[in-house]
Amino acid sequence: MLETLGLVRTGLRRRLAQLGWPDDAALDVLLAVNEAVSNAVEHAFPPGAPDGTVEVVAEVEPVDRQRRLRVRVRDTGRWLPRPGPEEDVNRRRGLPMMSVLMAEVLIHRGGPAPADGTVVTLLSPPVPIL
């Protein structure tokens, strides 16, 4: 998992630099995407679950004379039910963190088939067009 996360971060960091994304905004995107991928790996494929894939697709889109990033993190796993609040009080910070960093966070949980997976869509706040 760590090498996968490292590859995602490195590739996305490189692409954001090529796009001239402002440093603070790029860091916010990297943190939010890292959390979404970590969640997919941990929750869609817990120990004993069949292996699957996590796909990260990012695209720049114009918005009001600016641009924003739309990142989709899609897994092919089956998420387990949420643990109760008493199970680990130091967890459950990922979604709130993504919501603070991004302009919008959308979660679509798949259907009944194991490969339906979950899609997390992250929309960054707009940044200036170069």
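What this report covers is the structure whose coordinates are included nearby. (Residues numbered from 1 in each chain as written. Predicted model: local features only at pLDDT ≥ 70, side-chain atom pairs only at ≥ 80, totals over all residues. Heavy atoms only, no water.)

### Examining the overall build of the chain
Inference 1: For the chain, the count of helices and strands is 3 helices and 5 strands.
Inference 2: For the chain, the succession of helices and strands along the chain, N to C, is α-α-β-β-α-β-β-β.
Inference 3: A total of 130 residues make up the chain; the buried ones form 33% of that total.
Inference 4: When the accessible surface of the chain is totalled, it reaches about 8200 Å², and 56% of it is carbon and sulfur. (Helix = DSSP H or I, 4+ residues; strand = E, 2+ residues; numbered from the N terminus. Buried < 20%, exposed > 50% of the residue type's maximum accessible area, 1.4 Å probe, protein only. Areas by Shrake-Rupley, 256 points an atom, 1.4 Å probe, with all protein chains shown as cover.)

### A closer look at helix H3 (residues 94-101)
Think of an α-helix as 3.6 residues a turn; residues three or four steps apart then line up on the same face.
Inference 1: Looking at H3, one finds that the buried residues are Gly 94, Met 98 and Leu 101. Angularly, the buried residues of H3 cover 65° about the axis, an arc narrow enough to put them on a single face.
Inference 2: Buried residues belonging to H3 abut helix H2 (23-44), strand E3 (104-109) and strand E4 (118-123). (Arc of directions from axis to C-beta. Contact = heavy atoms within 4.5 Å.)

### Things to note about the nonpolar core
Inference 1: Grouped together as the largest cluster of nonpolar side chains are 21 residues, with contacts concentrated most on Leu 12, Leu 16, Trp 21, Val 29, Val 33, Leu 69 and Leu 122.
Inference 2: If you list the elements that add at least two residues to this core, you get helix H1 (2-18), H2, strand E2 (66-75), H3 and E4.
Inference 3: Ranked by residues supplied to this core, first place goes to H2 with 7 residues.
Inference 4: Each residue touching Leu 16, except ones within four places of it in the same chain, is listed here: Trp 21, Ala 26, Val 29, Leu 30 and Leu 69. (Core = buried A, V, L, I, M, F, W, Y, C linked by side-chain atoms within 4.5 Å.)

### A few points about a nonpolar patch on the surface
Inference 1: Together, Leu 27, Leu 31 and Met 97 make up an exposed nonpolar region whose accessible area comes to about 240 Å².
Inference 2: When its relative accessible area of 31% is taken as the criterion, Met 97 is described as partly exposed. (Patch = residues over 30% accessible without salt bridge, like charges linked within 9 Å, V, L, I, M, F, W, Y side chains within 5 Å. Salt bridge = Lys/Arg side-chain N within 4 Å of Asp/Glu carboxyl O.)

### With respect to unusual backbone geometry
Most peptide bonds adopt trans geometry, and most residues besides glycine take a negative phi value.
Inference 1: If you check the backbone angles, Asp 64 has positive phi at about 45° while not being a glycine.
Inference 2: The residue Asp 64 is located in the loop between strand E1 (54-63) and E2 in this model.

### Concerning the pattern of salt bridges
Inference 1: Evaluation of the coordinates by the stated rule reveals 3 salt bridges.
Inference 2: Here Glu 61 and Arg 68 are joined by a salt bridge, their closest N and O atoms 2.7 Å apart. Across the pair, Arg 68 and Glu 61 agree in class, each one buried.
Inference 3: Ionic pairing is found between Glu 61 and Arg 70, a salt bridge with its closest N-O pair at 2.9 Å.
Inference 4: Classification of Arg 70 as buried rests on a relative accessible area of 17%.

### A closer look at H2
Inference 1: Here H2 is 22 residues long and its end C-alpha atoms lie 31 Å apart, about the 32 Å a rise of 1.5 Å per residue gives.
Inference 2: Of the residues making up H2, those classed as buried are Ala 26, Val 29, Leu 30, Ala 32, Val 33, Glu 35, Ala 36, Val 37, Ser 38, Asn 39, Ala 40 and Ala 44. (Expected span 1.5 Å × (residues − 1).)

### Side note on the environment of Arg 67
Inference 1: Of note, Arg 67 is situated in strand E2.
Inference 2: Through-space distance from the C-alpha of Arg 67 to that of Val 127 is 5.5 Å; in sequence the pair is 60 residues apart.
Inference 3: When near neighbours in sequence (up to four residues on either side) are disregarded, Arg 67 contacts Leu 19, Gly 20, Trp 21, Val 60, Glu 61, Pro 62, Pro 125, Pro 126, Val 127, Pro 128, Ile 129 and Leu 130.
Inference 4: Polar contacts involving the side chain of Arg 67 include one to the main-chain carbonyl oxygen of Gly 20, which spans 3.3 Å. (Polar contact = N/O pair within 3.5 Å; in protein donor to acceptor, adjacent residues only side chain to side chain.)

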